[in-house]
Amino acid sequence: RHRMSQSGVKTRPGKIDWADPGYFSGDSRIVNSVRVLVQLVRPPRGHRTLPTKTGTMLILITIGVGTAGFNTGQNILYLALSLLLSTLLVSGILSWMNFKGCRWRLSAGRHYRAKQPSPVYLELCNTKRWLPSYSLLFKVAATVSGIQKILPLEGRLEPGKETRLLWEFIPRRRGRDVLALQGMISRYPFGFLRKTIKDSYSRDIIVWPARIVYQFYGDKAGRRWLYGNHRRRGEGVELINVRGYQAGDPLRRIHWKATARMSSLQVRETEQEHHQAFSIWIDTSPDIWRNPIQFEKMCSFAASLAEDLFQRDQLNAGYIAGEEGIQVETNEDLYRFLDTLGKLEMKKVSAAPKPGSIRFFPGMGETVIAKLEDQTVGQA
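(A) Just the overall build of the protein, in detail. For the protein, the count of helices and strands is six helices and 19 strands. By residue count, 44% of the 380 residues in the protein fall in the buried class. Put simply, of all contacts in the protein between residues at least 6 apart along the chain, 67% involve residues at least 24 apart. About 21,100 Å² of surface is accessible on the protein, with carbon and sulfur atoms providing 54% of the total.

(B) Main features of the packing of aromatic side chains. Throughout the structure, instances matching the rule amount to ten aromatic pairs. Aromatic pair Tyr-214 and Phe-301: ring centres 5.3 Å apart, planes at 40°, arrangement tilted. Within this pair, whereas Tyr-214 is found in the loop between strand 10 (193-207) and strand 11 (215-216), its partner Phe-301 is found in helix 5 (residues 292-311), the two being separated by 87 residues in sequence. Both residues of the pair, Tyr-214 and Phe-301, count as buried. By way of ring pairs, the aromatic residues Tyr-112, Trp-167 and Phe-169 are connected into one cluster. A cation over an aromatic ring shows up here: Arg-164 above the ring of Tyr-121, its NZ or CZ 3.8 Å from the ring centre. When the ring centre of Phe-361 is taken as origin, the NZ or CZ atom of Lys-371, which lies over that ring, is 5.6 Å away.

(C) Quick peek at the sheet that holds strand 16 (residues 326-327). Spatially, the seven strands line up as an open sheet ordered 11-19-18-17-14-15-16, and their pairing is mixed. Each edge of the open sheet is held by one strand with a lone partner, namely strand 11 and strand 16. When strand 15 (residues 315-320) meets strand 16, the two strands line up antiparallel, connected through two bridges. Pairing of Ala-317 across the sheet is with Gln-327, part of strand 16. Relative to strand 17 (residues 357-362), helix 5 is tilted by about 155°, and along the sheet it contacts strand 11, strand 14 (278-282), strand 15, strand 17, strand 18 (368-372) and strand 19 (375-379). Taken strand by strand, helix 6 (residues 331-342) contacts strand 14, strand 15 and strand 16, and its axis lies near 30° from that of strand 15.

(D) The environment of His-255, seen in detail. Turning to its location among the elements, His-255 is positioned in the loop between strand 12 (233-244) and helix 4 (256-262). On a C-alpha basis, the gap between His-255 and Glu-269 in space is 9.6 Å, while along the polypeptide they are 14 residues apart. Apart from residues lying up to four places away in sequence, His-255 is in contact with Val-242, Gln-266, Val-267 and Arg-268. A polar contact of 3.0 Å, which involves the side chain of His-255, links it to the backbone nitrogen of Ala-258.

(E) Structural detail: the environment of Tyr-121. In this structure, Tyr-121 sits in strand 3 (residues 118-126). Judged by relative accessible area, which is 25%, Tyr-121 ranks as partly exposed. Between the alpha carbons of Tyr-121 and Arg-164 there is a distance of 6.0 Å; along the sequence they are 43 residues apart. Leaving out residues up to four positions away in the same chain, Tyr-121 has contacts with Arg-105, Leu-106, Ser-107, Arg-164, Leu-165 and Leu-166.

(F) Structural context of the pattern of salt bridges. Scanning all chains against the criterion turns up eight salt bridges. The salt bridge partner of Arg-174 is Glu-296, with a shortest N-O separation of 2.8 Å. Of this pair, Arg-174 sits in the loop between strand 8 (162-169) and strand 9 (175-186) while Glu-296 sits in helix 5, placing them 122 residues apart in sequence. Assessed through its relative accessible area of 14%, Arg-174 is described here as buried.

(G) Seen up close, the sheet that holds strand 2 (residues 102-108). Taken together, three strands build an open sheet; the order of strands is 2-3-8 and the sheet is antiparallel. In this open sheet, the two strands that pair with only one neighbour each are strand 2 and strand 8. When strand polarity is set aside, the average angle formed by the axes of neighbouring strands in this sheet is 20°. As defined by bridge partners, strand 2 adjoins strand 3 across seven bridges and the pair is classed as antiparallel. What sits directly across from Trp-104, in strand 3, is Leu-124.

(H) Representation of helix 3 (residues 75-99) within the structure. With 25 residues, helix 3 extends 37 Å from end C-alpha to end C-alpha; this agrees with the ideal 36 Å at 1.5 Å per step. Along helix 3, the positions that sit buried rather than exposed are Leu-81, Leu-84, Thr-87, Leu-88, Ser-91, Ser-95, Trp-96, Asn-98 and Phe-99. Immediately beyond the C-terminal end of helix 3, within one or two residues, lies Gly-101, with a positive phi of roughly 80°.

(I) Up close: the pairing of strand 3. Among the nine residues in strand 3, seven count as buried, and that is most of the element. As paired strands, strand 3 and strand 8 are joined by eight bridges and run antiparallel to one another. Bridging across to strand 8, Cys-125 finds its partner in Glu-162.

(J) Spatial organisation of the packing of helix 2 (residues 53-72) against helix 3. At a minimum axis separation of 9 Å, helix 2 and helix 3 run at an interaxial angle of 150°. Overall, the two elements helix 2 and helix 3 adopt an arrangement that is roughly antiparallel. Here helix 2 runs over helix 3; the crossing is left-handed. Across from Leu-58, Ile-59, Ile-61, Thr-62, Val-65, Gly-66, Ala-68, Gly-69, Phe-70 and Thr-72 in helix 2, the residues of helix 3 making contact are Leu-77, Tyr-78, Ala-80, Leu-81, Leu-84, Leu-85, Thr-87 and Leu-88. Counted by class, the contact of helix 2 with helix 3 contains 13 nonpolar, five polar and no charged residues.

(K) Quick look at the side chain of Asn-126. Mapped onto the elements, Asn-126 comes out in strand 3. Its relative accessible area of 0% is what places Asn-126 among the buried residues. Beyond its immediate sequence surroundings of up to four residues, Asn-126 is in contact with Gly-101, Leu-131, Pro-132, Ser-133, Leu-157, Glu-158, Pro-159, Gly-160 and Lys-161.

What counts, and at which threshold
Residues numbered from 1 in each chain as written. Predicted model: local features only at pLDDT ≥ 70, side-chain atom pairs only at ≥ 80, totals over all residues. Heavy atoms only, no water. Helix = DSSP H or I, 4+ residues; strand = E, 2+ residues; numbered from the N terminus. Buried < 20%, exposed > 50% of the residue type's maximum accessible area, 1.4 Å probe, protein only. Contact = heavy atoms within 4.5 Å. Areas by Shrake-Rupley, 256 points an atom, 1.4 Å probe, with all protein chains shown as cover. Phe/Tyr/Trp six-rings, centres within 6.5 Å; stacked < 30°, edge-to-face > 60°. Lys NZ or Arg CZ within 6 Å of the ring centre and 35° of its normal. Pairing = 2+ DSSP bridges. Axes fitted to C-alpha atoms, helices over the stretch in contact; angles between N-to-C directions. Polar contact = N/O pair within 3.5 Å; in protein donor to acceptor, adjacent residues only side chain to side chain. Salt bridge = Lys/Arg side-chain N within 4 Å of Asp/Glu carboxyl O. Expected span 1.5 Å × (residues − 1). Parallel < 35°, antiparallel > 145°, perpendicular 65-115°, else oblique. Left-handed = near helix turned anticlockwise from the far one by under 90°. Nonpolar A, V, L, I, M, F, W, Y, C, P; charged D, E, K, R; others polar.

So yeah, pure geometry; function would need other evidence.
This is the structure we're talking about:
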C-alpha cells in the first residue's frame, strides 16, 4: 500500500500514517537529486514561497541598489547587491531544508462532546540526520464549525526526534465535523520568505451533544418496574455460558464438571440478577419539536441520561424512531448510540414507540420533559 504525498507521487509504505513535504519518494539518490533540482524551480503541488512584509522591503531595497549600481557603476553597490541577492537565495534554500525530512500527522481521540475540550495532538517527526528544524507553524481547523488554531513549534526539533503539539479543541455544537491540518508555514531562517504547504490531512468526526443539568426521578416513582430482558453477564446464579479460564477469573467460578470433561479449566458465566433497566425512545418528528432549541436540549438530555443510566447499569437499549434499536451492553454500544444522537436531525417518521421506554416531549417555555408510560419522570 502507498499514500499520496504533497508532491502528488506515491510514497513508500513506511509513510502510510504520516504526511510529508513530498520532496523524496524513491530510494535512488540520483533520482532524488534530480527531483530536488526540478522542485527548486517548479515546487510540488500545494507548495508556495512568498515574501513577508520584511522580505518585500528587502526586495525593493535590492531593486533600488541594483538600479543605483547599474547607473553609477560603483563596485560597492554591486557588492551590496550580491549580498542582498545571496540573502534571499540562502533564505529560500534554508527554508526548503527546514521542511525537508519532516513528517507530521494529527492524533485525535474517539470521543468529542460539544462545549467540552478534547485534546488533539499534532505529532511531528524530524527524520533528518544532521539538521534540526525551527520555527514551524501548523494551521489546524474544524472546517464545519469554523474553528481555526495555529500551533507553533517552540524552539528546535533535533534530528531524529519527535514532539507533539497540543490543540485543546472545543466543539461548538453537536453534529458532523472535519478536523483538518490545512497548512504548514516556515519563516526560517531570516523571516524574509514564508514557505507554506497546504492541505495535508483531514479526518471526519462526530460531536456528541453537550451534557446538561437535568432531573430524573424515574427510579423513585413508586410504580411497577420494567426489567431488562437482555442477558447481561454478572454475579447471578443462572448459567449463560461456559468458557475457558482466563487470568484473573475467580476460582469460585470454575466449572469442575466441564473442566474434567474438557481436560482444561472451564469457567461459568452467569446472568446478572434482574435490576431496574430503562430503554430510551426518541421521536424526531417536527410535529413534536417545533422549537429547534428544545430539540437540541432534548438531544443533550437524552445523551446525558443515557450515559448516567449506563454508569448505574440501568440502560437497556436506545431507539430512534424509524431506525434499528441499539441494545446497550458495552461501552461501544453506548458510543454508537451517542454517535446517533450526534447526527440526529428532525424528520417525520411513522413508528410506534417501544412499550415501557422513556420518551421526550416539549415542556413549558424551552424545557424538555421525560415520560415513562404517561408518567413524568424527569425534565431539563
